Amino acid sequence: MAANDVDVFANEEKRNLELGGHVGFDSLPDQLVSKSVAQGFCFNILCVGETGIGKSTLMNTLFNTTFENEEASHYESEVQLRPQTFDLQESNVNLKLTVVHTVGFGDQINKEDSYKPILEYIDAQFEKYLEEELKIKRSLYNYHDTRIHICLYFIAPTGHSLKSLDLVTMKKLDSKVNIIPVISKADTVSKGELDKLKIKIMSELVSNGVQIYQFPTEDEAVAEINSSMNSYLPFAVVGSVDDVKVGNKMVKARLYPWDQYRVMENENHCDFVKLREMLLRVNMEDLREQTHARHYELYRRCKLEEMGFKDTDPDSQSFSLQETYEAKRKEFLVELQRKEEEMRQMFVNKVKETEAELKEKEKELHDRFEQLKRMHQEEKKNLEEKRRELEEEMNAFNRRKVAAETLMGQALQGCSQPFKKDKDKKNFFSLPSACSLTSGRNLN
């Protein structure tokens, strides 16, 4: 078929034809419903809030069941995300529910990076879905979609405004997930204070540019109820897993020592019923659709643009996946070669610097060795001189010693001769003194 023929068919006006009888394609919605029911649905909730604020209790109350959840401490060193998946069934509809708790959120002294693990978790789920989409052999039909559909952000009713941590976290998450702020444990403040707190919270969200989820009003069937419920944001809720008998029936409520009941089913006490209606009965499918069509599409577009893919080039030519891949591959190889050359040059420079340092060290060691060698020679020369001096002193001492011994022998020999000739007793007693005098003179 020629191109001009295609243009003719494209420009031809469509005709409306009347059917002569029942054909049967009006059952297509029923077929779609049957197929969806058989396949089942998934819904993922992210609960963000401080430890002990009532996240688990509200989830149990919201789905009228008891989810097994490990109690978290207040001493976590960092924020951790703990996902739990449950299979629920109501009538003939199966729901795979995933509840993700932020363990340790707000418990650290430095809360500057508390939002980062949450942001990384949401992006990781988007990345898993994108990887499945880009596979050659995909299985999206039975793929377990873990993308977060709704973020319930729990606000503590302990102040008159939002904390800095709340504003920063919601601002970082509003482009990634649908956010519905809720005031937890709303029974701890009076009705008047609660109304003022709601107005203050919404004013701060608007002034800081935080985009929260607004219930859609495009569909006429739910436009009226959604429009009225938008005015109740943020919802003030109270959770309870205790059954209390009120009148003739058992309801979820909290019993206080002063015998006052805060009944979950009573809309005058809290907004729990409004939250459950808007979240599950009216807008669950819209939350799933918004997650896929808005948040995931934004992530997907940015990710593909980072990878170098685009719909059209500057010349408005058709998009070619193969050409884009080849261009990106060439660009990657050029960049890789450039980095290899930089690393090689860096290695060469490092080797040269190391060789220069080694030569400098070698020169220093050589100079030190020469200096020590000269010092050793000088010390050796000094020692040799001292040794010669000591030898000369020893020789002189030995000569004096020999001379003294010789004189002593001569003196003793001279004294022994008169002693033998003179037998007189008087000379005998006077001889030693004379000999000693003689000996003293000879020694001197």
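Data block above holds the structure.
Below or above, wherever it landed, is the structure these notes cover. Here the structure is a predicted model, which means the values were calculated and not measured. (Residues numbered from 1 in each chain as written. Predicted model: local features only at pLDDT ≥ 70, side-chain atom pairs only at ≥ 80, totals over all residues. Heavy atoms only, no water.)

1. Observations regarding the side chain of Asp286
Phase 1: On the secondary structure map, Asp286 appears in helix α9 (residues 284-306).
Phase 2: Here Asp286 occupies a buried position and makes no salt bridge, while the nearest side chain of opposite charge, Arg294, is found at 8.6 Å. (Helix = DSSP H or I, 4+ residues; strand = E, 2+ residues; numbered from the N terminus. Buried < 20%, exposed > 50% of the residue type's maximum accessible area, 1.4 Å probe, protein only. Lys, Arg positive; Asp, Glu negative; His and termini not counted. Salt bridge = Lys/Arg side-chain N within 4 Å of Asp/Glu carboxyl O.)

2. Remarks on the nonpolar core
Proteins that are soluble and globular tend to have nonpolar side chains buried together.
Phase 1: Grouped together as the largest cluster of nonpolar side chains are 72 residues, with contacts concentrated most on Phe43, Leu152, Ile180 and Leu279.
Phase 2: Element by element, the count of residues in this core is highest for helix α4 (residues 116-134), at seven residues. (Core = buried A, V, L, I, M, F, W, Y, C linked by side-chain atoms within 4.5 Å.)

3. Section: the packing of helix α3 (residues 55-62) against helix α8 (residues 272-282)
Phase 1: Relative orientation of the contacting elements α3 and α8 amounts to 70°, with a least axis distance of 11 Å. In terms of their interaxial angle, α3 and α8 are classed as roughly perpendicular. Where α3 crosses over α8, the two elements pack in a sense that is right-handed. Where α3 abuts α8, its residues Leu58, Thr61 and Leu62 lie against Phe272, Leu275, Arg276, Leu279 and Leu280.
Phase 2: Among the residues forming the contact of α3 with α8, the class breakdown is six nonpolar, one polar and one charged. (Axes fitted to C-alpha atoms, helices over the stretch in contact; angles between N-to-C directions. Parallel < 35°, antiparallel > 145°, perpendicular 65-115°, else oblique. Left-handed = near helix turned anticlockwise from the far one by under 90°. Contact = heavy atoms within 4.5 Å. Nonpolar A, V, L, I, M, F, W, Y, C, P; charged D, E, K, R; others polar.)

4. Some remarks on the packing of aromatic side chains
Phase 1: Per the stated rule, a full pass over the model turns up nine aromatic pairs.
Phase 2: Between Phe126 and Tyr299 the ring centres are 5.5 Å apart and the planes differ by 40°, which places this aromatic pair in the tilted class. Note that Phe126 is positioned in helix α4 and Tyr299 in helix α9, a separation of 173 residues in sequence.
Phase 3: Judged by its relative accessible area of 1%, Phe126 falls in the buried class.
Phase 4: Under the relative-accessibility criterion, Tyr299 is labelled buried at 11%.
Phase 5: Ring centres of Tyr213 and Phe215 lie 5.6 Å apart, and the angle between their planes is 85°; on these two criteria the pair is classed as edge-to-face. In this pair, the class of Tyr213 matches that of Phe215, namely buried.
Phase 6: A cation sits over an aromatic face here: Arg147 above Tyr129, 3.7 Å from the ring centre. (Phe/Tyr/Trp six-rings, centres within 6.5 Å; stacked < 30°, edge-to-face > 60°. Lys NZ or Arg CZ within 6 Å of the ring centre and 35° of its normal.)

5. Concerning the pattern of salt bridges
Phase 1: Tallied over the entire structure, the rule returns 18 salt bridges.
Phase 2: Among the ionic pairs, Asp87 bridges to Lys96, the shortest N-O distance being 3.1 Å.
Phase 3: Under the relative-accessibility criterion, Asp87 is labelled exposed at 61%.

6. Here we look at a nonpolar patch on the surface
Phase 1: A grouping of Leu19, Val23 and Phe25 is seen on the molecular surface, where their side chains present a nonpolar patch of about 350 Å² in accessible area.
Phase 2: Looking at Leu19, the relative accessible area reads 54%, which means it is exposed. (Patch = residues over 30% accessible without salt bridge, like charges linked within 9 Å, V, L, I, M, F, W, Y side chains within 5 Å. Areas by Shrake-Rupley, 256 points an atom, 1.4 Å probe, with all protein chains shown as cover.)

7. Remarks on the side chain of Arg147
Phase 1: Position of Arg147 relative to the elements: it lies in the loop between α4 and β4 (150-155).
Phase 2: The exposure class assigned to Arg147 is buried, which follows from its relative accessible area of 5%.
Phase 3: Here the side chain of Arg147 touches His292 through a polar contact of 2.9 Å, side chain to side chain.
Phase 4: With residues up to four places along the chain from it excluded, the contact list for Arg147 reads Asn44, Gln125, Phe126, Tyr129, Thr291, His292 and Tyr296. (Polar contact = N/O pair within 3.5 Å; in protein donor to acceptor, adjacent residues only side chain to side chain.)

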